[in-house]
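Spelled out, the chains give:
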Amino acid sequence: METVDLARLQFALTAGAHFLFVALTLGLATLVAVVQTWATLTRNPVHLRMTRFWGQLYIINYAMGIATGLVMEFQLGLTWSGLTEFAGNTFGASLAIETLVAFFLESTFLGLWIFGWNKLNRWAHLAAIWVVTLTAYASAFWILVSNGFLQHPVGYERAGGVLRLTDFGAMVANPTAQVAFFHVLGGAMVTGGFFVAGVSAYHLRRRTAEQDLFRKSLRIGIGVALPATLFTATFGGIGFETLQPAKAAVWSGDAARIAAAQAELAAAHGPGDYLPPAGWVQTGALTMLIAFAVMFFFSGLSAVLMLIRPAVRSLRVWHRLLTLMIPVPFVAMLGGWVFREMGRQPWAVYGLLTTEQAMSPLTGAQMRVSLTAFVTVFAALIVTNYLLLARAARRGPDAVTLGDRPLDAPPTEPALSL
Amino acid sequence: MEIFVLAFFALGYLVLGGADIGVGMALPYLGRGAGERREVIAAIAPFFLGNEVWLVAMAGVLAGLFPELEGELLSGNVAVVVPLLLSWVVRDMGLWLRGRVPGVRWRGFWDGAIVAGSWGLALSLGVLLSDVLLGLRGPVALLPALLVAVVLGAHGLAFAALRLRGELRRRAAVLSGGSGEARTYALTAAALVVVGVLGGLRLPLTAGPTASLLTPVILVVTPLLVAAQAWVWWTFRHRVTGPSYL
């Protein structure tokens, strides 16, 4: 493998892992915030326990999202300094806004939410989870503004061999960014919805304690998954309108279109191979589309079944299938992401800077050491984290420690003073 | 102005994040048993998330205002930045995971990860600073790095002395001697600020053209960010009285 391929593999593994965790984070945060709102309004103990149970799963998942995310942010300067030097004056602006306006607040308020349980006024505590959720959306938005610029650069000029931003509004309004934001947000809700439904179905099938809690959760999960699947597909469909010509041509598989796209790019940028790898692009898109069909069919069927009380209670085949569906949205997310990112190759900034030019001046040895180190550590941590997530999901609300009454608090305090 | 923005977040990280790194480094000294260690970690638990984002924010400021420097600084120091990131990740996951399974061995393992990650983070920050400050590279850079790590450790102890009670507080106050806990903290914080400022003065800080757009935005949101952090500090201003969620 060439050095640039090692750097791409490292970034792809980091970003791919990050994407899996943040997708669930975004979806679960929304559901937790809504359930906590309901719990705060009604003081219903079931909803309080729901908030703590889903909240704990959310936090276990969140940890790995931060770890992969911060490594990804630093990797931009570490292995892609050609990109930051050439285009940092443009998409760096939205990265900076993301860290300051979104992530900084998200993390600060998450700390307040986790450790402020039973300490903060319950309305302040509720406000904290909403700030966490909304800043997580803002985070996704600004990251996709950066990504949208790399996919389809707008609002810039070229001066002295580097890009500079001329129209911030155009960069933000970039359709490639806007459509992707809603698509990803929808995808996150699908992921969260199927996750909540699948975990709930596990407990219904096993007839564990808290059947009422999990019947409610099951309905919430499916109730979110079906509309979110349609919403995501709609924006995905619109997204096909914003594809770069070469990506669209390779996806269509039409030899004449592919040749035309290649000829057009060669005429503009000199001789070279300007086509993205067809296998990756087509496999990515097909994976996403098949997963969509499965999810659409299954969430539609489930939306009907969840209205039938005996089915919710004891249709165990359905419960098992719901649990088996948990990974499908993740597969769709990765498929769509491969399609989007492999499809813009060989460009790092479409039409302006190739991936090879974007690479830092690192040696093959440096890249191999770095890749090996990150892959080893992340593989171990990700496996551990998913096992823990599964363990906490299986053990149910009784084993939740999030929001426990502080051990030092006087024993007269109610166990749940949310 | 851009330089002050960068300095604000960099120094903020050194002082705030430095304290929880230092507590992690001193964990085996402060907490002799599993219960004690958990209480020591409760001293930093509500803060470490809000502290580490100062470094993330600094990276964001570099990306937006000083993109050329960002590339040079990070890719030019790959041998330091990779261990820095790995230590950060290992330490964070140690903090997140240690309390999720009750076993003694599980907790011991992740406490080890916290200690190793904290030392790794302190030493790699130190090596990075010795390159920027003194132009030293290779094994010789470990000497000034060790000094930076010692200052971070002392800063952590000072912070722990302000947060803990009883025997743990007494242990943490080993450097303060008696009642000067706040004074020790101010002293170690000042030392970190001096190191940070000297390092910053050696960097080629020329802001990119996006500054005219970005700097006003940052100046408007920064008071909001500080207010959010202040809320956290206020909420958890009392001494630790027992274990936390971690």
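Not measured: the values here are computed from a predicted model.

Helix and strand counts for chain B stand at 10 helices and zero strands. Overall, chain B shows an N-to-C arrangement of helices and strands of α-α-α-α-α-α-α-α-α-α. The C-alpha atoms of chain B give 18 Å as radius of gyration, which agrees with the globular expectation for 246 residues (18 Å, within 12%). Dimensions of chain B, computed from C-alpha atoms along their principal axes, come out at roughly 55 × 40 × 35 Å. Within the span of chain B, comprising 246 residues, buried residues form 62% of the whole. Expressed as a percentage of contacts within chain B between residues at least 6 apart in sequence, the contacts between residues at least 24 apart total 79%. Just so you have it, chain B exposes about 9300 Å², and 72% of that area is on carbon and sulfur atoms. If you average the places of the 18 positive and of the 13 negative side-chain charges in chain B, the two averages end up 13 Å apart.

Let's shift gears to the overall build of chain A. For chain A, the count of helices and strands is 15 helices and four strands. A globule of 418 residues ought to have a C-alpha radius of gyration of about 22 Å, and chain A, at 23 Å, matches this closely. Residues counted as buried form 60% of the 418 residues belonging to chain A. Counted over contacts in chain A with a minimum sequence separation of 6, partners at least 24 positions apart contribute 82%. Only carbon and sulfur atoms are counted for the fraction: they give 67% of the accessible area of chain A, which is about 15800 Å². Charge separation in chain A, taken as the distance between the mean sites of 27 positive and 20 negative side-chain charges, equals 18 Å.

This next bit is on the packing of aromatic side chains. Residue and element names in this part refer to chain A. For the structure shown, the criterion picks out 36 aromatic pairs over all chains. With a centroid separation of 4.9 Å and an interplanar angle of 15 degrees, the aromatic rings of Phe21 and Tyr386 are classed as stacked. Pair noted here: Phe21 is in helix 1 (residues 3-42) and Tyr386 is in helix 15 (residues 364-395), with a separation of 365 residues, a long-range link. Owing to a relative accessible area of 29%, Tyr386 belongs among the partly exposed residues under this scheme. Note on Tyr58 and Trp113: the rings are 6.2 Å apart at their centroids and 75 degrees apart in plane angle, and the pair reads as edge-to-face. Here Trp113 lies in helix 3 (residues 81-115) and Tyr58 lies in helix 2 (residues 45-79), a separation of 55 residues in the sequence. Across the pair, Trp113 and Tyr58 agree in class, each one buried.

Right, let's talk about the UniProt feature "transmembrane region" (unreviewed entry) in chain B for a bit. Residues and elements named next belong to chain B. UniProt feature "transmembrane region" (unreviewed entry): in the numbering of this structure it lies at residues 6-30, 42-66, 78-97, 109-129, 141-162, 182-201 and 213-236. Helix makes up 96% of residues 6-30 and strand 0%, with an end-to-end C-alpha separation of 33 Å. Helix makes up 95% of residues 141-162 and strand makes up 0%, while its end C-alpha atoms are separated by 32 Å.

Residue and element names in this part refer to chain A. Together, Arg206, Arg207, Arg316, Arg320 and Arg394 line one region of the surface with positive charge. Relative to the helices and strands, Arg320 resides in helix 12 (residues 316-324). Owing to a relative accessible area of 48%, Arg320 belongs among the partly exposed residues under this scheme.

As a further point, take the domain arrangement of chain A. Residue and element names in this part refer to chain A. You can read the domains of chain A as domain 1 (3-244 + 276-395) and domain 2 (250-275). Taking only C-alpha atoms into account, the centre of domain 1 sits 32 Å from that of domain 2. The interface of domain 1 with domain 2 comprises 15 residues on the first partner and eight residues on the second. Taken together, the two surfaces of domain 1 and domain 2 that pack against each other cover about 860 Å², and 75% of this comes from carbon and sulfur. At the junction of domain 1 and domain 2, the tally comes to one residue pair in polar contact (both at pLDDT 80 or more). No other element matches helix 10 (residues 278-305), which puts six residues into the side of domain 1 that touches domain 2. Split by residue class, the side of domain 1 that touches domain 2 holds 12 nonpolar, three polar and no charged.

Turning our eyes to something else, we now look at the environment of Glu52 of chain B. By the secondary structure assignment, Glu52 of chain B is in helix 3 (residues 34-65). With a relative accessible area of 5%, Glu52 of chain B lands in the buried category. Put simply, Glu52 of chain B and Gly17 of chain B are 35 residues apart on the chain and 5.7 Å apart in space, counted from C-alpha to C-alpha. Those residues in contact with Glu52 of chain B, other than ones at most four positions away along the chain, are Ile66 of chain A together with Tyr13, Trp88 and Asp92 of chain B.

Counting residues at the interface gives 60 residues for chain B and 63 residues for chain A. Inspection of the region where chain B meets chain A yields zero salt bridges. Linking chain B to chain A there are seven residue pairs in polar contact (both at pLDDT 80 or more). Counting only elements with at least two residues in the side of chain B that touches chain A, the list comes to helix 3, helix 4 (67-75), helix 5 (78-97), helix 6 (104-134) and helix 10 (211-235) of chain B. Ranked by residues supplied to the side of chain B that touches chain A, first place goes to helix 3 of chain B with 15 residues. A class-by-class count of the residues in the side of chain B that touches chain A yields 43 nonpolar, 11 polar and six charged.

Counting 224 residues, the largest nonpolar core has Trp54, Tyr58, Leu83 and Trp113 of chain A together with Phe9 and Trp96 of chain B as the members making the most contacts within it. Per element, the largest residue contribution to this core is 20 residues, and it comes from helix 3 of chain B. Here Tyr58 of chain A is in contact with Thr25, Leu28, Ala29, Val32, Leu110, Trp113, Ile129 and Val132 of chain A, once residues within four sequence places are set aside.

All names here are of chain A. The interhelical angle for the contact between helix 1 and helix 2, taken along N-to-C directions, is 150 degrees, at an axis separation of 7 Å. Comparing the axis directions of helix 1 and helix 2 gives the class roughly antiparallel. Helix 1 and helix 2 meet at a crossing whose hand is left-handed. Considering only residue class, the contact of helix 1 with helix 2 consists of 22 nonpolar, 15 polar and no charged.

Further remarks concern the packing of helix 3 of chain A against helix 4 of chain B. Between helix 3 of chain A and helix 4 of chain B, whose axes approach to 7 Å, the crossing angle comes to 170 degrees. As far as their axial angle goes, helix 4 of chain B and helix 3 of chain A are roughly antiparallel. Counted together, Ser81, Thr84, Glu85, Gly88 and Asn89 of chain A of helix 3 of chain A and Pro67, Glu68, Glu70, Gly71, Glu72 and Ser75 of chain B of helix 4 of chain B form the full contact between these two elements. Here the contact of helix 3 of chain A with helix 4 of chain B is built from residues that sort into one nonpolar, six polar and four charged.

Residues and elements named next belong to chain A. By the bridge criterion, four bridges tie strand 1 (residues 156-159) to strand 2 (residues 162-165) in an arrangement that is antiparallel. Bridge assignment links Tyr156 to a residue of strand 2, and that residue is Leu165. As consecutive antiparallel partners, strand 1 and strand 2 are separated by two residues, and within that stretch Gly160 has a phi angle of approximately 60 degrees, a positive value.

About the criteria used
- Residues numbered from 1 in each chain as written.
- Chains lettered and ligands numbered in written order.
- Predicted model: local features only at pLDDT ≥ 70, side-chain atom pairs only at ≥ 80, totals over all residues.
- Heavy atoms only, no water.
- Helix = DSSP H or I, 4+ residues; strand = E, 2+ residues; numbered from the N terminus.
- Rg over C-alpha atoms; globule rule 2.2 N^0.38 Å.
- Buried < 20%, exposed > 50% of the residue type's maximum accessible area, 1.4 Å probe, protein only.
- Contact = heavy atoms within 4.5 Å.
- Areas by Shrake-Rupley, 256 points an atom, 1.4 Å probe, with all protein chains shown as cover.
- Lys, Arg positive; Asp, Glu negative; His and termini not counted.
- Charge placed at Lys NZ, Arg CZ, Asp CG, Glu CD.
- Phe/Tyr/Trp six-rings, centres within 6.5 Å; stacked < 30°, edge-to-face > 60°.
- UniProt positions renumbered as here; feature names shortened; annotations may be inferred.
- Patch = residues over 30% accessible without salt bridge, like charges linked within 9 Å, V, L, I, M, F, W, Y side chains within 5 Å.
- Salt bridge = Lys/Arg side-chain N within 4 Å of Asp/Glu carboxyl O.
- Domains from an automatic or database assignment.
- Buried area = accessible area lost by both parts, 1.4 Å probe.
- Polar contact = N/O pair within 3.5 Å; in protein donor to acceptor, adjacent residues only side chain to side chain.
- Nonpolar A, V, L, I, M, F, W, Y, C, P; charged D, E, K, R; others polar.
- Core = buried A, V, L, I, M, F, W, Y, C linked by side-chain atoms within 4.5 Å.
- Axes fitted to C-alpha atoms, helices over the stretch in contact; angles between N-to-C directions.
- Parallel < 35°, antiparallel > 145°, perpendicular 65-115°, else oblique.
- Left-handed = near helix turned anticlockwise from the far one by under 90°.
- Pairing = 2+ DSSP bridges.

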